[in-house]
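Read off the chains here:
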Amino acid sequence: MGLLKIVYWAGMLIEMIIRWPLRKNWRKTPKVEKRSTLQEKILLQSLALGMLYLPVIYSVTDWLDFADYHLPGWMGGVGIYLLVCAVIIFGRAHVDLKKNWTPYQEIYQGHTMVTTGIYRYIRHPMYASQWVWCLAQILLLQNWLAGPLGLLLFIPFYRLRVKGEEKMMLDTFGNKYKDYMRRTGSIFIKMK
Ligand SMILES: C[S@@+](CC[C@H](N)C(=O)[O-])C[C@H]1O[C@@H](n2cnc3c(N)ncnc32)[C@H](O)[C@@H]1O
């Protein structure tokens, strides 16, 4: 396996380790609200196809080699840089959101609204890290099925998820979230 693929899988492993304790908490904590639709769950599964299953097949077999493309070496370097940035943003967002993290549009019993740390600047750092990851994936996995498909599948998921999640947060936290939306950008820092 080449260096770029190794970096991709190292990033994936680190993100899984970061998420592990919060996933355990999610399984055992009661929810008071569940809003993810079947459409969103299907999009989430297709995202796993583009970011996990096809990259695995590409990395351990030669079945997808017919769809390879080749970029200059320095672009691989940019890919490594972007992946490191994505993992750092992802890690920081998990540290700040703590036990309020859920994989779906859900509200826990005793859910608190986080507006500190990285959430002080942007409302969706985890999704921001996902955008950066998708760009890195195109540069690291140079194959039309294992690389750019991740980004193509993330776009519809992101549009649906953010709209629903912000509506749920507004319904739950009311003016507090409305003010928070006024102060912050979605995935980019808001310029005053
Ligand atoms: C996968 S997490 C993503 C969180 C956030 N959108 C992000 O990109 O960092 C989705 C869940 O996090 C929770 N959540 C989102 N924003 C939050 C906030 N500011 N404070 C507390 N919980 C939040 C909601 O319960 C939502 O269902």
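Calculation criteria
Residues numbered from 1 in each chain as written. Predicted model: local features only at pLDDT ≥ 70, side-chain atom pairs only at ≥ 80, totals over all residues. Heavy atoms only, no water. Helix = DSSP H or I, 4+ residues; strand = E, 2+ residues; numbered from the N terminus. Expected span 1.5 Å × (residues − 1). Buried < 20%, exposed > 50% of the residue type's maximum accessible area, 1.4 Å probe, protein only. Contact = heavy atoms within 4.5 Å. UniProt positions renumbered as here; feature names shortened; annotations may be inferred. Near = heavy atom within 4 Å. Polar contact = N/O pair within 3.5 Å; in protein donor to acceptor, adjacent residues only side chain to side chain. Nonpolar A, V, L, I, M, F, W, Y, C, P; charged D, E, K, R; others polar.

### Overview of helix H1 (residues 3-28)
And step 1. Between its first and last C-alpha, H1 extends 38 Å over 26 residues, near the 38 Å set by a 1.5 Å rise per residue.
And step 2. Those residues of H1 that fall on the buried side of the exposure criterion are Lys5, Val7, Tyr8, Gly11, Met12, Glu15, Leu22, Asn25 and Trp26.
And step 3. Among the structural elements, strand E1 (31-34), helix H2 (38-60), helix H3 (73-97), strand E2 (106-108) and helix H4 (125-140) are those in contact with the buried residues of H1.

### Quick notes on the UniProt feature "transmembrane region" (unreviewed entry) in the protein chain
And step 1. On the UniProt side, "transmembrane region" (unreviewed entry) is annotated at positions that read residues 6-22, 42-61, 73-91 and 131-158 here.
And step 2. What you have in residues 73-91 is 100% helix and 0% strand, and the ends, taken at the C-alpha atoms, are 28 Å apart.
And step 3. Between the first and last C-alpha atoms of residues 131-158 the distance is 9 Å; the span itself is 71% helix and 0% strand.

### Thoughts on the environment of isoleucine 122
And step 1. Within the secondary structure, isoleucine 122 sits in the loop between E2 and H4.
And step 2. When the C-alpha atoms of isoleucine 122 and proline 72 are compared, they prove to be 33 Å apart, with 50 residues separating the residues in sequence.
And step 3. Apart from residues no more than four positions distant in its own chain, isoleucine 122 is found in contact with Ala128, Tyr180, Thr184, Gly185, Ser186, Ile187, Phe188 and Ile189.

### Notes on the site of the ligand
And step 1. Taken together, 21 residues lie near the ligand, and Glu106, Val114, Tyr119, His124 and Glu165 sit nearest.
And step 2. Tyrosine 104 is positioned such that a nitrogen or oxygen atom in its backbone is 2.8 Å from an oxygen atom of the ligand.
And step 3. Put simply, the parts of the chain that give the shell around the ligand at least two residues each are H4 and helix H5 (149-173).
And step 4. If you tally residues by element for the shell around the ligand, the top one is H5, at four residues.
And step 5. Its residues assigned to classes, the shell around the ligand comprises eleven nonpolar, six polar and four charged.

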